[in-house]
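# Overview (structure and organization)
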Amino acid sequence: MWYQLIDIKSSEDREIRADIQVPAESPWFDGHFPGEPVLPGLAQISMVFDVIQKASDGQWRASSVNRVRFKRMIRPDDLLEVIAVPLAKEADGFSFRIQSR
């Protein structure tokens, strides 16, 4: 796996929290950008999908992604927290954010 899943927790209301670290050696940092490596948005979304999938024992499937904003750059070795909260209007939908720890 290209990132390290340190811990994952799911609450009774289906909120998911995961601590993750992306090592500097991750291939996602190659060429994005030389001298100023940042984690691409596609990798961030993939990481969130993996976390939700793992917390739901492989039963969850994404059907769409709406309104994603990347508010800060994720650098090599940053310690991150992924928080996914179920949406009230969509049975299998989640809102998520990635923040630094």
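The rules behind the values
Residues numbered from 1 in each chain as written. Predicted model: local features only at pLDDT ≥ 70, side-chain atom pairs only at ≥ 80, totals over all residues. Heavy atoms only, no water. Helix = DSSP H or I, 4+ residues; strand = E, 2+ residues; numbered from the N terminus. Expected span 1.5 Å × (residues − 1). Buried < 20%, exposed > 50% of the residue type's maximum accessible area, 1.4 Å probe, protein only. Contact = heavy atoms within 4.5 Å. Polar contact = N/O pair within 3.5 Å; in protein donor to acceptor, adjacent residues only side chain to side chain.

This part covers helix H1 (residues 41-55). Counted at 1.5 Å a residue, the expected span for H1 with its 15 residues is 21 Å, and the 21 Å between its end C-alpha atoms agrees. Listed in full, the buried residues belonging to H1 are Ala43, Gln44, Ile45, Met47, Val48, Val51 and Ile52. Packing partners of the buried residues in H1 comprise strand S1 (4-10), strand S2 (16-21), strand S3 (79-86) and strand S4 (94-100). At the C-terminal side of H1, aspartate 57 shows a positive phi close to 55°.

Structurally, tyrosine 3 is set in the segment before S1. For tyrosine 3, a relative accessible area of 6% gives the class buried. In this structure the C-alpha to C-alpha distance between tyrosine 3 and proline 76, which are 73 residues apart in sequence, comes to 10 Å. Discounting chain neighbours no more than four positions away, the residues touching tyrosine 3 are Ile20, Gln21, Val22, Pro23, Met47 and Asp50. Here the side chain of tyrosine 3 touches aspartate 50 through a polar contact of 3.0 Å, side chain to side chain.

For the bond from histidine 32 to phenylalanine 33, the omega torsion is 5°, close enough to zero to count as cis. Take phenylalanine 33: it is sitting in the loop between S2 and H1. With a phi close to 75°, arginine 14 is a non-glycine residue in the positive phi region. Along the chain, arginine 14 falls in the loop between S1 and S2.

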